[in-house]
Amino acid sequence: MDDPVASILLITASPYGRASRGAILAMQAVKNLQRKDPSLELVERDLSVLADATVHSVYADAIVGGHSHDSEVFTLSEQLIRELEDAAFVVIATPMHNYTVPASLKMWIDFVLRYGRSFATIDGIKKGFIENRPTLVVVTAGGIVAGEGKFQPDHLTGYLGDVLTTIGITGLKFVYLDGLASPARAEQVTIEGAKTIARDEVFGVGEPTPAFA
Ligand SMILES: Cc1cc2nc3c(=O)[nH]c(=O)nc-3n(C[C@H](O)[C@H](O)[C@H](O)COP(=O)(O)O)c2cc1C
């Protein structure tokens, strides 16, 4: 059997989907990866179209009751986990909503972190079953989230890092497009964000370093 085509998984969590400023910047990373390896296929997971999906009682019962992984109730969960497993690279574009991830991304987390499937507790320690892979997170926010001028709590960065570490994805790279409520700052952070991505050893315009080759 032929090897499956390696992919880039682009997850967009903004209600504006691909039109969001975060997604537009994230696409630069996608294009850089595809320029370096044209065989990489883009798989887009626009969470805004899953607005009706939620953790209902049937899903909760199945999770807590340890239903078999091929149970119909896990169809969406399986699809989301497999997209992640198949991705050589993951790019997440997410806004900050009330200091943390938007409900759409929280829903993705609740479908992807599945006990016994994507992680388990072994000898008292949570062990992730998803192989680590380079992951970039572009965070958009109306106010300032990181660095000088930060005036609000940030429960997004640490939280997203913790949940993805639980399933085995570590070392996330964060790029912040923050303070977007100010048009002057929006322009400046967009330019800086593009430069940060362009310089990145994996997601940037240069050739990857041997560690990632
Ligand atoms: C429900 C909601 C909650 C928000 N909460 C925050 C927040 O806690 N901090 C912040 O800086 N901006 C907050 N914002 C503003 C968004 O982060 C901001 O509009 C961002 O630019 C949206 O980016 P996008 O174009 O990628 O969706 C919130 C927006 C919405 C709709």
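Small disclaimer: the values here were computed from a predicted structure and weren't measured.

Turning next to the packing of aromatic side chains. Per the stated rule, a full pass over the model turns up five aromatic pairs. Taken together, a centroid distance of 5.8 Å and an interplanar angle of 85° make the contact between Tyr-59 and Phe-74 edge-to-face. In this pair, Tyr-59 sits in helix 2 (residues 57-64) while Phe-74 sits in the loop between helix 2 and helix 3 (75-86), placing the two residues 15 residues apart along the sequence. The exposure class assigned to Tyr-59 is buried, which follows from its relative accessible area of 2%. Consider the rings of Tyr-115 and Phe-119, whose centres lie 5.5 Å apart with planes at 90°: the pair is edge-to-face. Using a relative accessible area of 10% as the deciding quantity, one classes Phe-119 as buried. Members of the aromatic cluster, joined through ring pairs, are Tyr-59, Phe-74 and Phe-111.

Contacts to the ligand come from 16 residues, most closely from Ser-14, Asn-98, Tyr-99, Thr-140 and Gly-143. Met-96 is positioned such that a nitrogen or oxygen atom in its backbone is 2.9 Å from an oxygen atom of the ligand. In the complex, 70% of the free accessible area of the ligand, which totals 640 Å², lies under the protein chains.

What counts as what
- Residues numbered from 1 in each chain as written.
- Predicted model: local features only at pLDDT ≥ 70, side-chain atom pairs only at ≥ 80, totals over all residues.
- Heavy atoms only, no water.
- Phe/Tyr/Trp six-rings, centres within 6.5 Å; stacked < 30°, edge-to-face > 60°.
- Helix = DSSP H or I, 4+ residues; strand = E, 2+ residues; numbered from the N terminus.
- Buried < 20%, exposed > 50% of the residue type's maximum accessible area, 1.4 Å probe, protein only.
- Near = heavy atom within 4 Å.
- Polar contact = N/O pair within 3.5 Å; in protein donor to acceptor, adjacent residues only side chain to side chain.
- Areas by Shrake-Rupley, 256 points an atom, 1.4 Å probe, with all protein chains shown as cover.

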